[in-house]
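The lines below spell out each chain.
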Amino acid sequence: MGVLRSWMCILLIALIGTATLIRGSKDYYDVLHVHRSADEATIKRAYRKLALKMHPDKVQGSEEEKKKAAEKFAEVGHAYEVLMDPKKREIYDRYGEEGLKSMGDQGGGGGMDPNDIFSQFFGGAFNFGFGGGPQEEEEVKGETVHVGLEVTLEELYTGKEFKVTRDKHVLKPAPGKRDCNCKQKLVTKSIGPGMFQQFTKTECEKCDNVKFVREADDLTVTLEPGMVDGQEIVFFEEGEPIIDGEPGDLIFVVQTRPHGLFTRKNKIDLHMNLVISLLEALVGFEKKITHLDGHSVTIASKGVVSPGDVLTLKNEGMPVYDSPDRRGSLYVKITVSFPKTVSDADKAALNKLFGSAAWMHDEL
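Model, not experiment: these values are computed from the prediction. (Residues numbered from 1 in each chain as written. Predicted model: local features only at pLDDT ≥ 70, side-chain atom pairs only at ≥ 80, totals over all residues. Heavy atoms only, no water.)

Thoughts on the environment of Ala74
The topology assignment puts Ala74 in helix H4 (residues 63-83). The class of Ala74 is partly exposed, set by a relative accessible area of 26%. (Helix = DSSP H or I, 4+ residues; strand = E, 2+ residues; numbered from the N terminus. Buried < 20%, exposed > 50% of the residue type's maximum accessible area, 1.4 Å probe, protein only.)

A few points about the pairing of strand S14 (residues 323-327)
Every regular strand shows the same layout, with side chains that alternate between the two sheet faces. Sheet analysis places strand S13 (residues 319-320) next to S14, joined by two bridges and oriented antiparallel. Directly across from Val320, in S14, lies its bridge partner Ser323. Between S13 and the antiparallel strand that follows it, S14, lie two residues; Asp322 among them carries a positive phi value of about 75°. (Pairing = 2+ DSSP bridges.)

Focus: the pattern of salt bridges
Evaluation of the coordinates by the stated rule reveals 20 salt bridges. As a salt-bridge pair, Asp93 and Arg36 come within 3.6 Å of each other at their nearest N and O atoms. Of this pair, Asp93 sits in helix H5 (residues 86-102) while Arg36 is found in the loop between helix H2 (28-32) and helix H3 (40-54), placing the two residues 57 residues apart along the sequence. In this structure, the salt-bridge partner of Arg178 is Asp244, at a minimum N-O distance of 3.0 Å. With Arg178 in strand S4 (residues 160-192) and Asp244 in the loop between strand S6 (232-235) and strand S7 (250-256), the pair connects residues that are 66 residues apart, well separated along the chain. Here the residues in one salt-bridge network are Asp27, Arg36 and Asp93, joined through shared partners. (Salt bridge = Lys/Arg side-chain N within 4 Å of Asp/Glu carboxyl O.)

Examining the packing of aromatic side chains
Applying the stated criterion across every chain yields a total of four aromatic pairs. Aromatic pair Tyr29 and Tyr92: ring centres 6.3 Å apart, planes at 40°, arrangement tilted. One end of the pair, Tyr29, is in helix H2; the other, Tyr92, is in helix H5, and 63 residues separate them in sequence. Here Tyr29 falls in the buried class, since its relative accessible area comes to 1%. Accessibility expressed as a relative area gives 8% for Tyr92, which makes it buried. What links up through ring pairs into an aromatic cluster is the set Tyr28, Tyr29 and Tyr92. (Phe/Tyr/Trp six-rings, centres within 6.5 Å; stacked < 30°, edge-to-face > 60°.)

Quick word on H4
Its 21 residues place the ends of H4 30 Å apart at the C-alpha level, agreeing with the 30 Å of an ideal helix rising 1.5 Å per residue. Taken together, the buried positions of H4 are occupied by Ala69, Phe73, Val76, Gly77, His78, Ala79, Tyr80, Glu81, Val82 and Leu83. (Expected span 1.5 Å × (residues − 1).)

Observations concerning the nonpolar core
Where a protein is soluble and globular, its nonpolar side chains tend to be buried together. Counting 36 residues, the largest nonpolar core has Ile233 and Phe252 as the members making the most contacts within it. If you look at the next biggest cluster of nonpolar residues, it comprises 22 residues, including Leu32, Leu50, Tyr80 and Leu83. (Core = buried A, V, L, I, M, F, W, Y, C linked by side-chain atoms within 4.5 Å.)

Quick look at the confidence of the model for the protein
Across the protein, the average pLDDT comes to 82, with 80% of residues at 70 or higher. Confidence drops under pLDDT 50 across residues 1-24; counting only partners more than four residues distant or on other chains, this segment forms 60 contacts. (pLDDT = per-residue confidence, 0-100. Contact = heavy atoms within 4.5 Å.)

So this is what it looks like as structure tokens:
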């Protein structure tokens, strides 16, 4: 799984060049969790891992969960189809989905059936029940690196792209040969008439030597609107390399900084405290606040409100991850600010006003 490392030790998140994320659909490289320079072999390994994980037949849940799994599976299949086709990939890299649509490929989910892509990749029909279907192969992988990505609530509301420069180990050719692909072989040896001894012997091939060097690598980390604390953004095989194996993964873990006004709860709801005067609590009020993306929100009441009352504003909460057009609610808890002192004249006026029988049954 890898050890959570201090992000200061392994990367620098550049403040210059970050931008609010405004996108109609997900980046195909992000869908497969691969670098934009990933070769075909890396893209195939990434697809294999994600397709096995996201196949709808493996999902045991509600119809809504199965529907979402099918959408994810189709998204992965379409991304793989585009990035494995050199012509489509070149057009996508230069012009995005609009370029693909102009050449007749339906960006965002058209093309081959995702089940056909899966069957071609794994070879034939199968099911996942009772241990059936393809399984992930055991492979030697380098260490998976976990990095804490500190973000603001504003960034989680709107989405954002971070330009990241990471200093990492890479494998380079080196002079000479080395032992590789070593295996244990059972050997039987005669030690006398009718007497034999069995033992294991290590046999290795000879491969070109390699060495570790450190290089700077640029990445774009995409924070999607509605992501939550602890959510992982995965870069396939961008972790630590290993000789005679595949690199580990690089995983950014979302960590939300505290906000001065809003508190996030239940992933999609926002809570805040609003202080009003005693007069406003009695006769009503109207106040405006600035939301996380800068738009103005009006909080108002025409009647009497009590300390601790909660006003609910629908669709003013956080966006729903993967469905950014949907939003939760904003819950506003009322705090009434009472005066520190009351003059004798004011006391007399208050007694005259509130001392009547009409006020006796009401509570503030």
